[in-house]
Amino acid sequence: MKKKISKGFILEIAFIIASYVLLTILMKSGMLNRQYTALIVPVGVNIMLAVSLNLVTGFLGELSLGHACFMSIGAYTGALISTSMELPSYAEFFLALIAGGVMAAVFGFLIGVPVLRLHGDYLAIVTLAFGEIVKSVLNALPFTNGSKGLSKIPMYSNYQHYTLVFILVILTIVIITNLVKSRHGRAICSLRDNYIASESIGIPVSRFKVLAFVIGAFFAGIAGVVYAHNVGIIKPTTFDYNKSIEILVIVVLGGMGSIKGSIIAAVILTVLPEMLRGADDYRMLLYSIVLIVMMLFNNSEVKERLLEMNLFKRHQKEVD
Amino acid sequence: MLTNIIEQLLNGLRTGSIYALIALGYTMVYGIAKMINFAHGDIIMVGAYALYVAIINMQLPAIPAVLLTCVTCAVLGVVIEKVAYKPLRKAPPLAVLITAIGVSYFLQSASLLIFGATPIPFKSIINVPAVKLGSVTVSGLTIVTLIVTTVCMIALTLFINKTKAGSAMRAVSEDKGAASLMGINVNRTISMTFAIGSFLAAVAGILYICQYQSLRPTLGALPGIKAFVAAVLGGIGSVPGAMIGGILLGIIESISKAYISTELADAIVFGVLVVVLLVKPSGLMGKNSTEKV
């Protein structure tokens, strides 16, 4: 079997290497100040979260408002492992990553199976409900230390370990992109486009729905582990539904079903609040206005006009 | 023991009827505009702050202050609809959802800027003496809350079922195109729905603030979510469903807080929702929609 290496593949590899080199230069040369180097890991975490949520919301087409719940399960599992075990740091972090991801995937399965009966807004509210249930159970369990949360988590993935985080982010992107392009991915997309038609041609609807949920949850769990080992302290309230919505906003702004869009939106929406820090008190106000205006613009006639004027030439081609 | 149970039930009924008022706003807007209005919870917050401004800063007596609050919220609801939701009427539902979240952030951060993050204590404006029924004490607040919510619900039911504007609302929620062909002004009907929903949210906000007596910019978030859950529990889009869902939710919450665990009360409430939806996917009173191929 001969496989031709496509131009796109080489370009992608080149792009990954280029972005890593750029990142290293930025980190080592001190061109970024402290404020921005501290943002590197959150950007990576948000990319992972957004890409994995995009699998559920963008490709499977089911609105999920409980993505932060998987993140919290990953974060807690990972943190419990790395605070209680006495292994060399890399082995411990690797174990934490795997355990966090798997644990989140198990919960993704548990949540995915009952919600198979529901879709649309009802599914959205059930995922939100599950998120709140997990949050209050974390608050009540003895070993999660209640509302005080876990602290003194070793910083295995802070900005000094940006290479590791970079690799994890790239792995997430590559795996999900390839999954979407594969036969399974096409089946998942077909569920989004026409649920009845895909069922009638023999696609096992339930299996693929659960599959998308489980994989999305797995990567959200990994993102949670990275998050926990970056900030060092986790509390149940960090992972409330506002966090889920924050991720959803990234996915929708980046474009449903567009991995590139999710990545770009994750970078912009993580850095934007920091850039607006100069505006201090008006920061959140500006953020919300930007959000509303962007959504209005995205769906407005002005954009259509601009498209007609060929200002977005490439975009136009895609539309045709 | 029995006294205790009855008192807990009454507490639940009080919180539940506030949830029901908020849930009505969610359910009506969903029925007509087919969107989840995430900013609805923040209208409650605006209502609470508006009451504070009217009473403390403008020195109004209670009844004009309450009226002013309700009118402010109703106008705000209509303005939000015109500015943020109307241009998106043909957009995909998720775009509208995100815009609603944006509006919610906007309201929260605006009130954070104006009133600051520190909670403001606020004295209840309802000063009705408690009533003793046998060994059960019913607080004045409970009595007022129950009377106000009952009146609101009866008025709303009559409005929807008996008036011309109400039947226009039902028609628009069933089929927008057909309704406009019948000469119904769809835009005006949608605005009216938002106005009524926000009016009810303001009433709920006033009752809520009299119960908790402290103002924060995020105070609307939790009752907002609970009420949303109540609306879905009762079957979103159904007006009696929202009332029943809200009251049921309040009672479950108060009973589980009293007898099971304070920390797990939220988990139990949401657990009930999940179980109900698994048994009856369209909620307690929701219509079962069959998919046509």
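Just so it is clear, the model here is predicted, and its values are computed rather than measured.

With that out of the way, let us pick up the overall build of chain A. In terms of regular secondary structure, chain A is built from 15 helices and 0 strands. Computed over the C-alpha atoms, the radius of gyration of chain A is 20 Å, within 12% of the 20 Å expected from 2.2 N^0.38 for a compact globule of 320 residues. Taken along the three principal axes of its C-alpha coordinates, chain A extends 60 × 55 × 50 Å. Expressed as a percentage of the 320 residues in chain A, the buried residues total 43%. Contacts in chain A between residues far apart in sequence, at least 24 positions, make up 78% of those at least 6 positions apart.

What follows deals with the overall build of chain B. Helix and strand counts for chain B come out as 11 helices and 4 strands. Taking 293 residues into account, the globule formula puts the C-alpha radius of gyration at 19 Å, and chain B, at 19 Å, falls close to it. Projecting the C-alpha coordinates of chain B onto the three principal axes gives extents of approximately 60 × 50 × 35 Å. The buried share among the 293 residues of chain B stands at 49%. Excluding contacts between residues fewer than 6 apart, the proportion of contacts in chain B whose partners are at least 24 apart in sequence is 74%.

In this section: the packing of helix 1 (residues 2-33) of chain B against helix 5 (residues 140-162) of chain B. Residue and element names in this part refer to chain B. Packing of helix 1 against helix 5 brings their axes to within 9 Å, and their N-to-C directions diverge by 35°. Pair helix 1 / helix 5 crosses with left-handed handedness. Residues Leu10, Leu13, Arg14, Ser17, Ile18, Ala20, Leu21 and Leu24 of helix 1 form the contact with helix 5, whose participating residues are Thr142, Thr145, Leu146, Thr149, Cys152 and Leu156.

Below, the discussion takes up helix 8 (residues 186-212) of chain B. Residue and element names in this part refer to chain B. In this model helix 8 runs 38 Å from its N-terminal to its C-terminal C-alpha over 27 residues, within 8% of the 39 Å that 1.5 Å per residue would give. For helix 8, a buried count of 20 out of 27 residues is recorded, marking the element as mostly surrounded by other parts of the structure. Of the residues trailing helix 8, glutamine 213 is marked for its positive phi of about 55°.

Moving on, we get to the confidence of the model for chain B. Residue and element names in this part refer to chain B. Residue-level pLDDT values for chain B average 88, and 98% of them are 70 or greater. When pLDDT is averaged over each element of chain B, helix 3 (residues 62-85) comes out on top at 93 and strand 2 (residues 131-133) at the bottom at 81. This complex was scored by the predictor with a pTM of 0.83 and an ipTM of 0.81.

With that settled, consider unusual backbone geometry. Residues and elements named next belong to chain B. In this structure, glutamine 59 is a non-glycine residue whose phi angle is positive, near 55°. If you trace the backbone, glutamine 59 turns up in the loop between helix 2 (40-57) and helix 3. Phi is positive for glutamine 213, close to 55°, though the residue is something other than glycine. Residue position: glutamine 213 is located in the loop between helix 8 and strand 4 (214-215). Accessibility expressed as a C-beta count within 10 Å gives 13 for glutamine 213, which makes it partly exposed.

With that settled, the discussion passes to the UniProt feature "transmembrane region" (unreviewed entry) in chain B. All names here are of chain B. In this numbering, the UniProt entry assigns the feature "transmembrane region" (unreviewed entry) to residues 12-31, 38-56, 62-80, 92-116, 136-160, 190-209, 229-252 and 264-283. Along residues 92-116 one finds 92% helix and 0% strand; the C-alpha atoms at either end are 36 Å apart. Helix makes up 75% of residues 264-283 and strand 0%, and the two end C-alpha atoms of the span are 23 Å apart.

Each side of the interface is counted separately: chain A has 34 residues, and chain B has 35 residues. For the side of chain A that touches chain B, the elements supplying multiple residues, two or more each, are helix 6 (121-140), helix 11 (241-254) and helix 13 (283-298) of chain A. Looking at which element gives the most residues to the side of chain A that touches chain B, the answer is helix 6 of chain A, with 12 residues. A class-by-class count of the residues in the side of chain A that touches chain B yields 24 nonpolar, 6 polar and 4 charged.

For the rest of this paragraph, the subject is helix 1 (residues 7-28) of chain A. End to end, helix 1 of chain A covers 31 Å across 22 residues, agreeing with the expected 32 Å (1.5 Å per residue, within 8%). When you tally the buried positions in helix 1 of chain A, you get 0 out of 22 residues, a small fraction of the element.

Our focus in this paragraph is the packing of helix 3 (residues 40-59) of chain A against helix 11 of chain A. Residue and element names in this part refer to chain A. Two elements in contact, helix 3 and helix 11, have axes whose closest approach is 9 Å; the angle formed by their N-to-C orientations is 70°. One element, helix 3, and the other, helix 11, form an angle in the roughly perpendicular class. In contact with Asn46, Leu49, Ala50, Leu53, Asn54, Thr57 and Gly58 of helix 3, helix 11 contributes Ile247, Leu248, Ile250, Val251 and Gly254. Grouping the amino acids of the contact of helix 3 with helix 11 by side-chain chemistry returns 7 nonpolar, 5 polar and no charged.

Here the focus is the environment of Met192(B). All names here are of chain B. As for its position among the elements, methionine 192 is in helix 8. Judged by the 20 C-beta atoms lying within 10 Å of it, methionine 192 falls in the buried class. In this structure the C-alpha to C-alpha distance between methionine 192 and alanine 74, which are 118 residues apart in sequence, comes to 9.0 Å.

The share of residues in chain A with pLDDT of 70 or more is 92%, and the mean pLDDT across the chain is 84. Taking the mean pLDDT of every element in chain A, the minimum, 53, falls on helix 15 (residues 313-319) of chain A and the maximum, 92, on helix 3 of chain A.

Residues and elements named next belong to chain A. On the secondary structure map, glycine 254 appears in helix 11. A residue is classified by how many C-beta atoms lie within 10 Å of it, and glycine 254, with 24 of them, is buried. Along the chain, glycine 254 and isoleucine 125 lie 129 residues apart, while their C-alpha atoms are 23 Å from each other.

Parameters and conventions
- Residues numbered from 1 in each chain as written.
- Chains lettered and ligands numbered in written order.
- Predicted model: local features only at pLDDT ≥ 70, side-chain atom pairs only at ≥ 80, totals over all residues.
- Helix = DSSP H or I, 4+ residues; strand = E, 2+ residues; numbered from the N terminus.
- Rg over C-alpha atoms; globule rule 2.2 N^0.38 Å.
- Buried ≥ 20, exposed ≤ 12 C-beta atoms within 10 Å, placed from the backbone.
- Contact = placed C-beta atoms within 7 Å.
- Axes fitted to C-alpha atoms, helices over the stretch in contact; angles between N-to-C directions.
- Left-handed = near helix turned anticlockwise from the far one by under 90°.
- Expected span 1.5 Å × (residues − 1).
- pLDDT = per-residue confidence, 0-100.
- UniProt positions renumbered as here; feature names shortened; annotations may be inferred.
- Nonpolar A, V, L, I, M, F, W, Y, C, P; charged D, E, K, R; others polar.
- Parallel < 35°, antiparallel > 145°, perpendicular 65-115°, else oblique.

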